[in-house]
Each structure stands twice: as C-alpha cells, then as structure tokens.
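Letter by letter, the chains look like this.
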Amino acid sequence: MDRRNEPFAHDADLAWEPAGDGVARKILTYRDNVMMVRVRFEAGAIGPAHSHPHIQCSLVESGVFDITISGRTERLKAGDSFTVPPDAVHGAVNVEAGTLVDVFTPMRQDFVS
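This report concerns the structure included in the present document. Just so it is clear, the model here is predicted, and its values are computed rather than measured.

## Re the side chain of Arg108
- Here Arg108 is to be found in the loop between strand 8 (90-105) and helix 1 (109-112).
- For Arg108, a relative accessible area of 9% puts it in the buried group.
- Here Asp110 takes part through its side chain, which lies 2.7 Å from a polar atom of the side chain of Arg108.

## So, the nonpolar core
- Formed by 21 residues in total, the largest nonpolar core has its most connected members in Met35, Val37, Phe41, Phe65, Ile67 and Phe82.
- When residues of this core are traced back to their parent elements, those giving at least two are strand 2 (23-31), strand 3 (34-41), strand 5 (55-69), strand 7 (81-84) and strand 8.
- Beyond its immediate chain neighbours, meaning those up to four positions away, Phe82 contacts Gln56, Cys57, Ser58, Ile67, Ile69, Leu76 and Leu100.

## Comments concerning the packing of aromatic side chains
- Within this structure, the stated rule accounts for two aromatic pairs.
- Lying over the aromatic face of Phe111, Arg25 brings its terminal NZ or CZ to 3.8 Å of the ring centre.

## Some details on the environment of Val103
- On the secondary structure map, Val103 appears in strand 8.
- A relative accessible area of 28% places Val103 in the partly exposed class.
- For Val103 and Glu61, which are 42 residues apart along the polypeptide, the C-alpha to C-alpha distance reads 13 Å.
- Setting aside residues up to four positions removed in sequence, Val103 forms contacts with Val34, Met35, Met36, Ile55, Gln56 and Cys57.

## Thoughts on the pairing of strand 5
- Alignment of strand 5 against strand 8, held across 13 bridges, turns out to be antiparallel. Within strand 8, the position partnered with Val64 by the bridge is Glu96.
- Here strand 5 runs beside strand 7; their pairing, made up of four bridges, is antiparallel. Bridge pairing in strand 7 links Gln56 to Val84.
- Looking at chain direction, strand 5 and strand 6 (residues 72-77) are connected through six bridges and run antiparallel. Note that in strand 6 the partner of Ile67 across the bridge is Glu74.
- Count of turn residues in the strand 5/strand 6 antiparallel hairpin: two residues, of which Ser70 carries a positive phi of about 50°.

## As for unusual backbone geometry
- A cis amide bond links Thr105 with the next residue in sequence, Pro106, at an omega value of -10°.
- Structurally, Pro106 can be placed in the loop between strand 8 and helix 1.
- Of note in this structure, Asn5 is not a glycine but carries a positive phi near 75°.
- With respect to the secondary-structure elements, Asn5 resides in the segment before strand 1 (17-18).
- For Asn5, a relative accessible area of 36% translates into the label partly exposed.

Scoring rules and cut-offs
- Residues numbered from 1 in each chain as written.
- Predicted model: local features only at pLDDT ≥ 70, side-chain atom pairs only at ≥ 80, totals over all residues.
- Heavy atoms only, no water.
- Helix = DSSP H or I, 4+ residues; strand = E, 2+ residues; numbered from the N terminus.
- Buried < 20%, exposed > 50% of the residue type's maximum accessible area, 1.4 Å probe, protein only.
- Polar contact = N/O pair within 3.5 Å; in protein donor to acceptor, adjacent residues only side chain to side chain.
- Core = buried A, V, L, I, M, F, W, Y, C linked by side-chain atoms within 4.5 Å.
- Contact = heavy atoms within 4.5 Å.
- Phe/Tyr/Trp six-rings, centres within 6.5 Å; stacked < 30°, edge-to-face > 60°.
- Lys NZ or Arg CZ within 6 Å of the ring centre and 35° of its normal.
- Pairing = 2+ DSSP bridges.

This is how it looks when you write it as structure tokens:
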C-alpha cells in the first residue's frame with residue numbers, strides 16, 4: 001500500500017525491510033518532497049559508501065557510528081546528528097548496535113518502488 005501523504009504512521013504497523021548485511025530500514029512518513037526513515041544497524045554492520053541526489057539529515061537515535069561524509073569521518077553517538085549534501089559520497093560503520101533516523105528531500109522514490 002502506498003502511504004504517500006498519509007499524515008500519521010504507527011510504528012507497530014510498519015515492517016522492517018532488509019537494507020544490507022545487518023541493516024534494516026522502516027519507512028515512516030513521506031510526501032513527494034520529504035521522507036523519514038528509521039535504519040537499524042547490528043553491531044559491526046556497514047552502510048557502504050554511496051551518493052544520491054537527495055539532501056539527507058540524520059539523527060543518531062541510539063548506538064555509536066563512524067560516519068564518513070566527503071572523506072571526513074566522525075564518531076557519533078545517541079543524540080548527535082549529521083547532514084549530507086546532494087551527491088556527496090557518504091557511509092556508516094556501526095560501532096555499537098543502534099538506529100539512525102534519516103530525513104530525505106525530496107523523498108526516496110527508490111525506497112518505495
């Protein structure tokens with residue numbers, strides 16, 4: 001079911017989808033111009049370096065991550081955040097199991113296709 005433009009999302013009603021080895025994502029709410037996604041990492045899981053044309057703002061909800069953006073790496077923990085400009089190469093290495101909350105603009109059509 002396409003939930004685009006639905007104003008509410010209840011966590012218990014949303015499924016985790018595989019997004020790589022030790023990584024799963026849950027699409028929360030979205031419209032054409034914005035999308036919120038929760039991404040869960042097992043300890044040691046890697047979000048490989050990649051880029052996309054979307055602006056991404058992320059919050060470390062829990063855990064510890066080494067985040068690399070355009071060649072710069074910082075260790076972030078719960079409560080920290082980061083922003084990825086369009087087309088910047090970025091990736092994550094999970095140090096301590098945790099979850100990121102990602103917001104994309106525009107929405108990631110590839111996540112719902």
